[in-house]
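# Fold and contact review
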Amino acid sequence: MTDIAEDGRTWLLSGPTSGYALRLTDADELVHLHWGPRITLADAEALAARPLPAYRPFESPLDGREEYPVDGGPRFVRPALSVRTGERRGTQWRFASYDTSCADSHGLACDTPGGTACDASREGGGEGQGDELRLRFEDGGLAITLHYRMRGDVLERWVSLRNGGDASVELLRADAATWTLPDREGWRLSRLHGRWAAESRLATAPLTYGEQIIGSRRGHTGHQHLPWVALETDATEERGEVYGCALGWSGSWRIAVAQLPDARVQITGGAGYDDSGLLLLAPGESYTTPVFAGLFTDGGFGGASRAWHAYQRAYVIPDAGRDRPVLFNSWEATGFGISARQQGGLARRAAAIGVELFVVDDGWFGARTDDSAGLGDWTPDPDRFPGGLTPLADQVHGLGMRFGIWVEPEMVNPDSDLYRAHPDWVQHQHGRRRTEFRNQLVLNLARHDVREYLWERLDALLCGTPIDFVKWDFNRCFTDAGWPGEPYPQRLWVDHVRAFYGLLDRLRAAHPGVAFESCSGGGGRIDLGVLGRTDQVWTSDNTDPLDRLAIQHGFSQLHPARVMAAWVTDSPNTQLNGRVSSLRFRFVSAMAGVLGIGGDLGRWSEEELAEAARWVGLYKEIRPLVQRGELYRLRPPTGGLGAVQYVLGDESVVLAWLPAQRYGEPVPALRLRGLDPTASYACPETGEVHRGAVLLHHGLAVGLKGDLDATVIRLRRI
């Protein structure tokens, strides 16, 4: 809901529990008023009546208060917008108009990628019935529109720019939003950092004066940081004010958190890592930034996570109400040494334990006997799959499972038919060595001919074979991001991502029954942008069940279990550390997300297969709670007992893990959350009945002991 003052210069956007207000001053300066608990329009107007700070030498009264700082004029903070023409650099904009608009049936609004909306312009005051607020500014021929859209308590913000002039305009930087926090002391900054096989690790530290920058200059979201930050002063897991921001972009990006000299805090973020140039807008061309979403809650980190999860399930993830199937993936079982007969044998074993989706990973196409050849040649290898993939897909379907494949469309091996035919199709700098990682190069998707080739090959693959699932990988970063002959080659950093999105959108429209998973050597491409086009993500290449607990803990700060793929693989762990763990511990760790199995089932004993079938059956029973329920992180995985709880309606499930028991001390009881204190809850496995108030205040004994123990406890309200 949007409330607008009678003079049409103060705007208040309200969610169920939060509010956001801004004001256009008499000097046409757009200043931030409020982001926090829900307030009234009268409250916002009272804030607007407060004067700006008095003059202080070497400082600007706008800094730390302006809604969207631009480059130029009396400003010294990091600009969100920096443009350059042949005559000058910077922006001197003037306010033009505002309007509100309603969303279409898919929740998309105009000037969002792929979106359209009806327009309902307003000139007077009162309550705007629209779903989106737009504030329009002009600077010569450049039209700049700031967009605001409240989704629950998540506020989506983005910017669209259109060059209506006669000359080109260079966008050096065009961030999606600048967020301004209220005056507080003792801010703490939380972020998710990592590296390959160690993604999404939560780190919290005091915010200090100056800027702290996280981002990626790798051409994709990256393993090093997820594009999310949270700030608070005294929040715990379930109490206290938390401000969070998340960027929806799958290329290079930057988020800058600045504590200014007067202690005010602003957060600016958008596409691109530096200010060297984003796009060159010719007359008539436009650019829309990704969404930079913000959330306020007074429910602590747990409340923030539940709000983010609800937002993504309602507005971001395709078909979020449809639970994801239990899958088997062949990679860790077979590597590149695959064949139709071998995959068929694994499929029979997978079906016998209850798997619902069978995925053939890398190695099915071209001359792909190792990672040095074949990428780009998306036709089945006739030696390993004499009849193509269809006979195997038919066998998998006959076993009652869906069929999926692995692809890496944005990459090419120099040893491939595609590269030999089109060596100019890769990103490269003229006269420089073409850097290879994992023996591969990056195709330049900004080129129309490359995009059309990939569309034709992938569409033909999905039309010619009954495929239900595609795992889309991205196994190297940009290095030689050049485009010889292109007048503005740096545009490929943006246009590659837009082309990737366009391919996914086109494939989903043409093949609505096919689900997609985003993968980038594990969790290297996870963000709100790609989640709007895929059904789940591969969280990490690290499938060790103990390591995964910390990775999943960090991941859950922002993203829901509904998209978090997690596998049970072999013990000892062959990929990383050789750790030995029980099938119980491996399953309970993976059951906290979208359950998958990646072990070599051909080597599992009959006893192991029977136990696995029982765990798969249990997961299917609790799957609605895990994938659609509200998450409560009961205890973090910091060495002792760790646990999460999912609540959906009258049902609840607890997953608990004990890495090690020390000194023979008993494991503490788990205080549950999200229950009705006046109700009773029964455990179907034991028949025990528990009072809600007792579970909330005194806890539940989990019965774990020793090393790497785990359990699943179900409760139902009676």
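From a predicted model like this one, the values you see are computed outputs, not experimental measurements.

## Some details on the packing of helix α7 (residues 448-464) against helix α8 (residues 492-510)
Axis angle and axis distance: for two packed helices, these are the angle between their axes and the distance between the axes, and together they describe the pair. At their nearest, the axes of α7 and α8 sit 11 Å apart, and the two run at 30° to each other. Here α7 is positioned roughly parallel relative to α8, judged by the angle of their axes. Here α7 runs over α8; the crossing is right-handed. Residues Arg451, Glu452, Leu454, Trp455, Leu458, Asp459 and Leu462 of α7 form the contact with α8, whose participating residues are Ala499, Leu503, Arg506, Leu507 and Ala510.

## A closer look at the pairing of strand β25 (residues 357-360)
Of the two faces of β25, the one holding Leu357 and Val359 and the one holding Phe358 and Val360 are both buried throughout. Sheet topology note: the strand β24 (residues 327-329)/β25 ladder contains three bridges and is parallel. Note that in β25 the partner of Leu327 across the bridge is Leu357. Across four bridges, the pairing between β25 and strand β26 (residues 402-407) is parallel. Residue pairing for β26: Val359 is matched across the bridge by Gly404. The β-α-β motif built from β25, the intervening helix α5 (residues 390-398) and the parallel element β26 has right-handed crossover chirality.

## Quick word on the environment of Ser416
With respect to the element layout, Ser416 can be found in the loop between β27 (411-412) and α6 (417-421). Residue class for Ser416 comes out buried when judged on its relative accessible area of 1%. Between the alpha carbons of Ser416 and Ala373 there is a distance of 5.8 Å; along the sequence they are 43 residues apart. What Ser416 contacts, discounting residues up to four positions off in sequence, is Gly374, Leu375 and Asp377. One polar contact links the side chain of Ser416 to the main-chain amide nitrogen of Tyr419, over a distance of 3.1 Å.

## Details of the confidence of the model for the chain
When pLDDT is averaged along the chain, the result is 95, and 96% of the positions lie at 70 or above. Note that pLDDT drops below 50 for residues 103-110; the model gives that stretch 23 contacts with residues more than four away or on any other chain.

## Some points on the sheet that holds strand β5 (residues 81-84)
Pairing within the open sheet is antiparallel, and its three strands lie in the order β5-β12-β21. Strands with a single pairing partner mark the edges of an open sheet, and in this sheet they are β5 and β21 (279-281). Each neighbouring strand pair of the sheet contributes to a mean axis angle of 30°, computed without reference to strand direction. Judged from the four bridges that link them, β5 and strand β12 (residues 169-174) form a sheet pairing that is antiparallel. Note that in β12 the partner of Val83 across the bridge is Leu171.

## Thoughts on the sheet that holds strand β35 (residues 642-648)
The strands making up a sheet associate through backbone hydrogen bonding, with each pair oriented either parallel or antiparallel. Spatially, the six strands line up as an open sheet ordered β34-β35-β36-β39-β37-β38, and their pairing is antiparallel. The open sheet terminates on both sides in strands that have one partner only, identified here as β34 (630-635) and β38 (689-691). With strand direction ignored, the average angle separating the axes of adjacent strands in the sheet is 25°. Where β34 meets β35, five bridges bridge the pair, whose relative direction is antiparallel.

## Side note on the side chain of Arg9
Relative to the helices and strands, Arg9 is located in the loop between β1 (2-4) and β2 (10-14). In terms of polar contacts, Arg9 uses its side chain to reach the side chain of Asp28, at 2.7 Å. When sequence neighbours within four positions are dropped, the list of residues in contact with Arg9 reads Leu22, Arg23, Leu24, Thr25, Asp26 and Asp28.

## Some thoughts on the packing of aromatic side chains
A full pass over the atoms with the stated rule returns 30 aromatic pairs. Between Trp93 and Phe137, the aromatic rings sit 4.2 Å apart at their centres with planes inclined by 20°, giving stacked as the arrangement. Here the residue Trp93 occupies a position in the loop between β5 and β6 (94-103), and Phe137 occupies one in strand β9 (residues 132-139), the gap between them amounting to 44 residues. For the pair formed by Trp93 and Phe137, the shared burial category is buried.

## With respect to the pattern of salt bridges
Inspection of every chain in the model, using the stated rule, returns 52 salt bridges. Where Arg56 meets Glu59, a salt bridge forms, and the shortest distance between an N and an O atom there is 3.8 Å. Arg56 sits in the exposed class, given a relative accessible area of 54%. Residue classification places Glu59 among the partly exposed positions, given a relative accessible area of 35%. Here the residues in one salt-bridge network are Asp99, Glu132, Arg134 and Arg136, joined through shared partners.

## Focus on helix α2 (residues 300-316)
In a regular helix each residue adds 1.5 Å, so 17 residues correspond to 24 Å; α2 covers 23 Å between its end C-alpha atoms and thus fits that length. For α2, a buried count of 13 out of 17 residues is recorded, marking the element as mostly surrounded by other parts of the structure.

## A look at the environment of Lys620
Along the chain, the position of Lys620 falls in helix α12 (residues 606-628). With a relative accessible area of 30%, Lys620 lands in the partly exposed category. In this structure the C-alpha to C-alpha distance between Lys620 and Val326, which are 294 residues apart in sequence, comes to 8.2 Å. If we ignore the near neighbours within four places in the chain, the residues touching Lys620 are Val326, Gly354 and Glu356.

## Overview of unusual backbone geometry
Here the amide bond leading from Ser571 into Pro572 is cis, since omega sits at 0°, within 30 degrees of zero. Tracing the backbone through its elements, the reader meets Pro572 in the loop between β32 (564-568) and α11 (583-590). If you check the backbone angles, Asp28 has positive phi at about 60° while not being a glycine. Inspection of the secondary structure puts Asp28 in the loop between β3 (18-24) and β4 (30-37). On the basis of relative accessible area, Asp28 is assigned to the partly exposed category, the value being 26%. The backbone of Asn439 sits at a positive phi, close to 60°, despite the residue not being glycine. Along the chain, the position of Asn439 falls in the loop between α6 and β28 (441-442). Given a relative accessible area of 31%, Asn439 falls into the partly exposed group.

Thresholds applied
- Residues numbered from 1 in each chain as written.
- Predicted model: local features only at pLDDT ≥ 70, side-chain atom pairs only at ≥ 80, totals over all residues.
- Heavy atoms only, no water.
- Axes fitted to C-alpha atoms, helices over the stretch in contact; angles between N-to-C directions.
- Helix = DSSP H or I, 4+ residues; strand = E, 2+ residues; numbered from the N terminus.
- Parallel < 35°, antiparallel > 145°, perpendicular 65-115°, else oblique.
- Left-handed = near helix turned anticlockwise from the far one by under 90°.
- Contact = heavy atoms within 4.5 Å.
- Buried < 20%, exposed > 50% of the residue type's maximum accessible area, 1.4 Å probe, protein only.
- Pairing = 2+ DSSP bridges.
- Right-handed = clockwise from strand over helix to strand, strands pointing away.
- Polar contact = N/O pair within 3.5 Å; in protein donor to acceptor, adjacent residues only side chain to side chain.
- pLDDT = per-residue confidence, 0-100.
- Phe/Tyr/Trp six-rings, centres within 6.5 Å; stacked < 30°, edge-to-face > 60°.
- Salt bridge = Lys/Arg side-chain N within 4 Å of Asp/Glu carboxyl O.
- Expected span 1.5 Å × (residues − 1).

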